[in-house]
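The primary structure of each chain is shown beneath.
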Amino acid sequence: MGMGRPIWKEARSTIQNLLSGENPSLKDNADLRKQALIPMSEVKMELPASIGDYTDFFCSEHHTKNCSKIFRGEYALPPNWLHLPVAYHGRASSVVVSGTGIRRPMGQSFPPTSDGKTPPYFGPSRRLDYELEMAFFVGPGIELGERITIDNAIDHIFGLVLMNDWSARDIQFWESQPLGPFLGKNFGTSISPWILTLEALEPFKCEAPNQEPPCLPYLTETSRFTYDIPLEVAIRPAGEEKQSVVCRTNFKYLYWTIAQQLTHHTVNGCNVRTGDLLASGTISGPDKESWACLLEQTSNAQHDIVLEHGGIRKYLEDGDDVIFSGCCKGDGYCVGFGTCSGTVLPAS
């Protein structure tokens, strides 16, 4: 990752050439094929990098407005939101690879009907949620005091993965004033093991949402684009064979691009290192089907969602398997991220 885009492109081109039907190097050499190609059934996937730091952004205008409606009664954005990509520092040590079970967290919360005088209680989270996000890995880093500019930010981004930023909403809401999320977030974050490089995503470039008012110059892109990546969330209850799709959305809905996220992250001289992980925030779209967490879909447990293969949910239950998937659709081919999954384990 740290060697830079010219090396990434050369490696990708070489591998594609070796796997092509026209190249006999592997195709006609059974011994070499046996050494080079490993059946997926024999492979245990691990995290694709040693993650030194993890930052979570808040880049969906739809998600931000929906949350405002739920908690403040109006579709509104904070005064700073249209001027900078808002973010907070996450916990890198609890980022885990897809397939790892996520234990329901313990913590403090308060009764939903609290009058402000009722003392908080301690126990397992009663409002465990998923958040459909994507995240990118930093390629070449920079030293403390340096900055990445908007014009060269893409050269510092290796590629993208799927992410589930699990959230305990009751714990999160009680603790978040005044410094933001803590125990309601840091108990687990799942990512898919396969990184899709930006070269692989090149055919799926598309226009990014128009930004009004215009950004400050350091965030203004000369070539503004994002990627058309259809995304899905499915829930499979414990003991069930079938999974129910509960969300269909798209990466292209995000207001702030990955180049703007990385540029803003370093504008103050903050250093980034190879393998650092920067996440998009919840990728909600304009309609209910594309709302990418249960907080939005149930208006914070005010009503149920119905699973297509049976069952209802306000928030996640123990044993629920949550599966994210993403696949770019080409002309007769797909470029897929695989899945990002995790099963809710009972609190200990």
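Along each chain, residues carry numbers from 1 onward, in the same order as the chain's sequence is written. Given that this is a predicted model, residues contribute local features only at a pLDDT of at least 70 and side-chain atom pairs are listed and counted only at 80 or more, while totals for whole chains, interfaces and linings are drawn from all residues. Note that water and hydrogens are dropped before the side-chain values are worked out from all heavy atoms of the structure.

1. Comments concerning the overall build of the chain
(1) Moving on: Each helix is a run of H or I in the DSSP string that is no shorter than four residues. Each strand is a run of E no shorter than two, and both are numbered from the N terminus. Along its length, the chain carries eight helices and 21 strands.
(2) Moving on: Here the globule rule is a power law, 2.2 Å times the number of residues to the power 0.38, and the radius of gyration is based on C-alpha atoms. Against the globule reference of 20 Å for 348 residues, the chain gives a C-alpha radius of gyration of 21 Å, in line with a compact fold.
(3) Moving on: Each principal axis of the C-alpha atoms in the chain carries an extent, and together these give about 75 × 50 × 35 Å.
(4) Moving on: Here the chain, with 348 residues, has 47% of them falling under the buried criterion.
(5) Moving on: For the chain, long-range pairs separated by at least 24 residues make up 73% of all intrachain contacts whose partners lie at least 6 apart in sequence.
(6) Moving on: Computed with a 1.4 Å probe, the accessible areas rest on the Shrake-Rupley method; for each residue, only the protein chains presented here act as cover. Here the chain has roughly 17100 Å² of accessible surface; of this, 53% comes from carbon and sulfur atoms.
(7) Moving on: In this count, Lys and Arg are taken as positive residues and Asp and Glu as negative ones, while His and the chain termini are left out. Charged groups are reduced to one reference atom each: NZ for lysine, CZ for arginine, CG for aspartic acid, CD for glutamic acid. Across the chain, the centroid of the 30 positively charged side chains sits 3 Å from that of the 41 negatively charged ones. Burial classes follow relative accessibility: with a 1.4 Å probe on protein chains only, a residue under 20% of its type's maximum area counts as buried, one over 50% as exposed, and anything between as partly exposed. Throughout, a contact is declared for two residues whenever any of their heavy atoms are within 4.5 Å.

2. Overview of the environment of Phe158
(1) Moving on: Here Phe158 lies in strand β9 (residues 157-164).
(2) Moving on: Considered as a pair, Phe158 and Val267 are 109 residues apart in the sequence and their alpha carbons are 20 Å apart.
(3) Moving on: Setting aside residues no more than four positions away along its own chain, Phe158 makes contact with Met1, Trp8, Phe137, Gly139, Ile195, Leu196, Thr197 and Leu198.

3. Section: the sheet that holds strand β20 (residues 321-329)
(1) Moving on: In this analysis, strands are considered paired if DSSP registers two or more bridges between them. Taken in spatial order, the five strands line up as β4-β21-β20-β15-β16 in an open sheet, and their pairing is mixed. At either end of the open sheet lies a strand with only one pairing partner, and these are β4 (102-103) and β16 (244-250).
(2) Moving on: The sheet contact formed by β20 and strand β21 (residues 334-345) spans eight bridges and is antiparallel. Bridging from a neighbouring strand, Cys328 pairs with Val335 of β21.

4. Side note on the pattern of salt bridges
(1) Moving on: When a carboxyl oxygen of Asp or Glu lies within 4 Å of a side-chain nitrogen of Lys or Arg, that pair is called a salt bridge. Per the counting criterion, the structure on display carries 18 salt bridges.
(2) Moving on: In this structure, Arg313 engages Glu317 in a salt bridge whose closest nitrogen and oxygen atoms are separated by 3.6 Å.
(3) Moving on: Judged by its relative accessible area of 7%, Arg313 is buried.
(4) Moving on: One salt-bridge network, in which partners are shared between bridges, spans Asp129, Glu131, Asp165, Arg169 and Lys185.

5. Let's talk about the UniProt feature "active site" (unreviewed entry) in the chain
(1) Moving on: UniProt positions are given in the numbering used here, feature names are shortened, and annotations may be inferred rather than shown by experiment. According to UniProt, the "active site" (unreviewed entry) feature falls on His63.
(2) Moving on: When residues no more than four places from it in sequence are discounted, the contact partners of His63 are Phe58, Glu131, Thr282, Ser284, Cys293 and Glu296.

6. Structural notes on the pairing of β9
(1) Moving on: Among the eight residues of β9, eight are classified as buried, and the element is accordingly described as predominantly covered.
(2) Moving on: As paired strands, strand β8 (residues 132-138) and β9 are joined by seven bridges and run antiparallel to one another. Across the sheet, Phe137 pairs through a bridge with Gly159, a residue of β9.
(3) Moving on: Where β9 lies against strand β12 (residues 196-197), two bridges are found, and the strand directions are antiparallel. Across the sheet, the residue bridging to Gly159 is Thr197, located in β12.

7. Topic: the UniProt feature "domain: Fumarylacetoacetase N-terminal" (unreviewed entry) in the chain
(1) Moving on: Sites flagged by UniProt as "domain: Fumarylacetoacetase N-terminal" (unreviewed entry) map to residues 1-48.
(2) Moving on: Helix makes up 54% of residues 1-48 and strand 0%, whereas the separation of the span's terminal C-alpha atoms amounts to 10 Å.

8. As for unusual backbone geometry
(1) Moving on: The omega torsion of the bond from Gln177 to Pro178 falls at 5°, within 30 degrees of zero and hence cis.
(2) Moving on: Note on placement: Pro178 falls in the loop between α5 (169-175) and β11 (189-191).
(3) Moving on: The residue after Glu212, namely Pro213, is reached through a cis peptide bond having omega 10°.
(4) Moving on: Turning to its location among the elements, Pro213 is positioned in the loop between β13 (205-206) and β14 (226-227).
(5) Moving on: With a phi close to 50°, Ser299 is a non-glycine residue in the positive phi region.
(6) Moving on: When you line up the elements, Ser299 lands in the loop between α8 (294-297) and β18 (305-306).
(7) Moving on: The residue Ala301 is not glycine, and still its phi comes out positive at about 70°.
(8) Moving on: Turning to its location among the elements, Ala301 is positioned in the loop between α8 and β18.
(9) Moving on: Look at Ala301 and you get buried, because its relative accessible area is 15%.

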